[in-house]
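# Fold and geometry: a report
Now for the letters of each chain:
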Amino acid sequence: MADDRRRWWRPHFTLGDLGRAALSLLGGAVGVMVASWIVPGFSIGEWWRAFSVAISVAIWGFLLRPVLVRLAVYLGWVGSALAGIFGQAFIIWLAVLGEEGVEDSLLGALVASWIIATVGLAFGWLATAGTEDAVTARMLRRARRRPVTVPDPDVPGILFVQMDGVPFPVLEWHVRAGTLPTLSRWIRSGEYRMAEWRPKLPATTPASQMGILHGTIEGIPAFRWVDRAEGKVYVANKPADAALIEARHSDGRGLLADDGVSVSNLFTGDAPTAYVTMSAVGRTQETKETRAALASFLASPNGLARSIPLMVGEVVRERFQARRAIRRDIQPRVHRGRSFVAERAALAGVLRDLNTSLVADAMLKGRRSIYVDYVDYDGIAHHVGMVRPEAVAALSSIDAILGRLEEVAKIAPRTYHLVVLSDHGQSQGATFADRYGEDLAAVVARLADASALGTDRNSEGAGSVQSVLASSASDDSVLGRALARTTQRMSDVTFAEADDAHEAEAGGRAGGGEQKEQFLVFGSGNLGLVYVAGEDHRLTLQELTDRFPALVPGLIVHPGVGFVVVDTTEYGPVAFGARGEHRVRDGVVVGEDPLAPFGPHAAEFVLRAASMPETPDLYVNSLVDELGEVAAFEGLVGCHGGLGGWQDRAMLVHPTELAAPDQMIVGADALHEVLVGWLEDLGHRTELRDRTAPVPPPE
């Protein structure tokens, strides 16, 4: 213990540290001079005073930043933001207060702080060659000076990095091309192996993450669905719904139950600690810890001061690239509106760095297992396509982060294995509405001669942004309640269509009057879910034909539809196509098999999905054309959720010393068993194996 204490106090500086400090001081001084030239009411007089002010700012920042972080934790997320926005201005104001020949005001200090931060960011970029080094450099230096010890250093940890939505072929191409330097180096060295695994229907994040983290994929038919027993519409990335979904499936033995940390996921995997995780935003204790981590990130020089210029740059880049796509008439293409611009800026400008900081912090604390979801590629590829420059740039940025996390692992208190995986792939193509001039809800309404409410808003990326806000607000903070109201308003806008669908479902059940909407039509990539509102059971083909005689035949022969799945009294679920049918329960095919273009597992996947109580009255899967492209029922170029293309071709990269099955892994639940096996082989989950009864998840 005495040796540990001496090491704790012993300075550990390198030439690199001294170089960074000198460059930081120079950047601060240049920033002070630039601010003095530009900002009225902020003048330093002689140029040499800029260095004096820069040194004072550094000293005051060192002394006051921990206090600002502690205060921000008490005030909640709003306090964290205020600390990031005004904290540096306050430090600058104090630094120049009383300096002879220096004029200053609080307003001038506020404007000057952002100029100084921008100039400092530019100098930092030069120091790190524009890489992600700045995000973790400060944490690495602190860890070297203050090493942490864990009681079981001989037990290796595992960091699971989910590169959301990356298809295996895309990974393979870029590894071969070397455009993902970190992953390419790992695989070419022979120390890592890349493999393909097959998510089942639906190929979407809620089902896959539930399977990976909790070992089950039942009860989740798509991204949003109707629970007939409750008369409720579930949206998987709505915090309250995510909590209910996880409560139904968790047995307390999830992937992260043994000292694990969940970062930026839909579900916790029963992790004791969950940061920015959709299903855990109601945990008061975790909310405080998240606020502390968020406040520390925002108040640091490489936090908000770095993120704001990155966000602005991302906005400018997106507007230029969107206009270029129009000018060149790049196809397929969808409208890239302001909501996507804001989503992309937040994902690339704040969330990526925040997630990396949280993961690095957990590693340096020696947590046994960590699972983080980077949604950058998935969110951007939805709107631009899988292999367009914008999506590839996002993929490359995540690859750079892997390199930084590799550096963090070298000085962590335990050895870490890094496992990289995707939850599903993506497929590409012009949207259903663009191809045929009407969306699926309009087709259903026309064929059934009835009203239909279509909910085709894609909110995966927006949900990730919302989870940061929601995870950081609670009733125990001074300003948390105000923030909670703000995030609720954001939720009302983001999920307005789902709320309308819920009202339609409730109205249909209430009776005593004409139904507000007769059909609910949800788009989940190129998988459409059609419900007759207000029904307490799944309607059979006979019931649908009696009430809406033209509906099923019309959908089957539509050129944009690959197959339609409907329940039958005699044969159970049947997949119907324009030239034949596949009775998936007994495997009988009459005429041409409509599932043949969708892969060898299609019948198995359809049978499982069509046998759940939550299954819609009609599953509608789009065509897959001669290019292998599909037609999304949402406004997306790249999509996932159904069958066709690369959406059910996910990837896995793991150390070769962690043995994987020789055959392809089929299903996220099967992948869960493999990952749990790795943890157990490394010495994790010994207490969980001794338990004879399921343990409830942490409160």
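See the structure above.
The structure reproduced in this document is the subject of the present report. Note that the structure is a prediction, hence the values are computed from the model and not measured.

To continue, consider the overall build of the protein chain. Each helix and strand in the protein chain was counted, giving 25 helices and 20 strands. Relative to all contacts within the protein chain whose residues are 6 or more apart in sequence, the contacts with residues 24 or more apart total 73%. Carbon and sulfur atoms provide 57% of the accessible area of the protein chain, an area that totals close to 28000 Å².

Another aspect to go through is the side chain of H672. For H672, the position within the fold is in helix α24 (residues 668-681). Look at H672 and you get buried, because its relative accessible area is 5%. Sequence-distant contacts of H672, defined by excluding residues within four places in its chain, comprise G211, I212, L213, H214, G215, G254 and L255.

Another aspect to go through is the packing of helix α7 (residues 168-177) against helix α8 (residues 181-188). Where α7 contacts α8, the axes come no closer than 8 Å and their chain directions differ by 80°. As far as their axial angle goes, α8 and α7 are roughly perpendicular. Side by side, α7 and α8 meet where L171, V175 and R176 of the first sit next to L183, S184, I187 and R188 of the second. Across the contact of α7 with α8, the residue classes tally to four nonpolar, one polar and two charged.

In a soluble, globular protein the nonpolar side chains are often hidden away together inside. Ranked by size, the top nonpolar core spans 61 residues in total, and within it F160, I212 and L255 carry the most contacts. The element contributing the most residues to this core is α24, with seven residues. Setting aside anything within four residues of it in sequence, one finds I212 in contact with W197, L255, Y371, L421, D423, A668, L671, H672 and L675. Membership of the second largest hydrophobic core comes to 51 residues, among which are F168, V359, M363 and Y374.

If you trace the eight strands from one edge of the open sheet to the other, you get β10-β11-β12-β17-β13-β14-β15-β16, paired in mixed fashion. Bordering the open sheet on either side are β10 (452-455) and β16 (588-591), each of which pairs with just one other strand. The sheet shows a mean angle of 20° between the axes of neighbouring strands, taken without regard to direction. Set on the sheet, helix α17 (residues 440-448) makes contact with β10, β11 (519-524), β12 (527-532) and β17 (618-622); between it and β11 the angle comes to about 150°.

Enumeration according to the criterion identifies nine aromatic pairs in this entry. An aromatic cluster of three or more residues is present, and its members are F432, Y436 and F633. The lysine or arginine in question, K232, covers the ring of Y234, its NZ or CZ lying 4.9 Å from the ring centre. Of note, R583 hangs over the ring of Y571, and the distance from its end group to the ring centre comes to 3.8 Å.

Right, let's get into the environment of D152. Along the chain, D152 turns up in the loop between α6 (133-145) and β1 (157-163). Residues D152 and G366 lie 214 residues apart in sequence; the distance between their C-alpha atoms is 9.3 Å. Excluding its chain neighbours within four sequence positions, the residues that come into contact with D152 are R368 and R414.

Below, the discussion takes up the pairing of β11. Buried residues dominate β11, accounting for six of its six residues. Here β11 shows two buried faces, one formed by F519, V521 and G523 and the other by L520, F522 and S524. Here β10 pairs with β11 via four bridges, running parallel. Within β11, the position partnered with A452 by the bridge is F519. For β11 and β12, the ladder comprises six bridges, and the chain directions are antiparallel. Its bridge partner lying in β12, L520 is registered against Y531.

Put simply, helix α13 (residues 338-364) and helix α14 (residues 376-384) touch, their axes get as near as 10 Å, and they point 160° apart. Overall, the two elements α13 and α14 adopt an arrangement that is roughly antiparallel. You can see that α13 and α14 cross each other, and the crossing is left-handed. Packed against α13, whose contacting residues are F340, E343, R344, L347, A348 and R352, the element α14 presents D376, G379, I380 and H383 at the interface.

So, how was this worked out
Residues numbered from 1 in each chain as written. Predicted model: local features only at pLDDT ≥ 70, side-chain atom pairs only at ≥ 80, totals over all residues. Heavy atoms only, no water. Helix = DSSP H or I, 4+ residues; strand = E, 2+ residues; numbered from the N terminus. Contact = heavy atoms within 4.5 Å. Areas by Shrake-Rupley, 256 points an atom, 1.4 Å probe, with all protein chains shown as cover. Buried < 20%, exposed > 50% of the residue type's maximum accessible area, 1.4 Å probe, protein only. Axes fitted to C-alpha atoms, helices over the stretch in contact; angles between N-to-C directions. Parallel < 35°, antiparallel > 145°, perpendicular 65-115°, else oblique. Nonpolar A, V, L, I, M, F, W, Y, C, P; charged D, E, K, R; others polar. Core = buried A, V, L, I, M, F, W, Y, C linked by side-chain atoms within 4.5 Å. Pairing = 2+ DSSP bridges. Phe/Tyr/Trp six-rings, centres within 6.5 Å; stacked < 30°, edge-to-face > 60°. Lys NZ or Arg CZ within 6 Å of the ring centre and 35° of its normal. Left-handed = near helix turned anticlockwise from the far one by under 90°.

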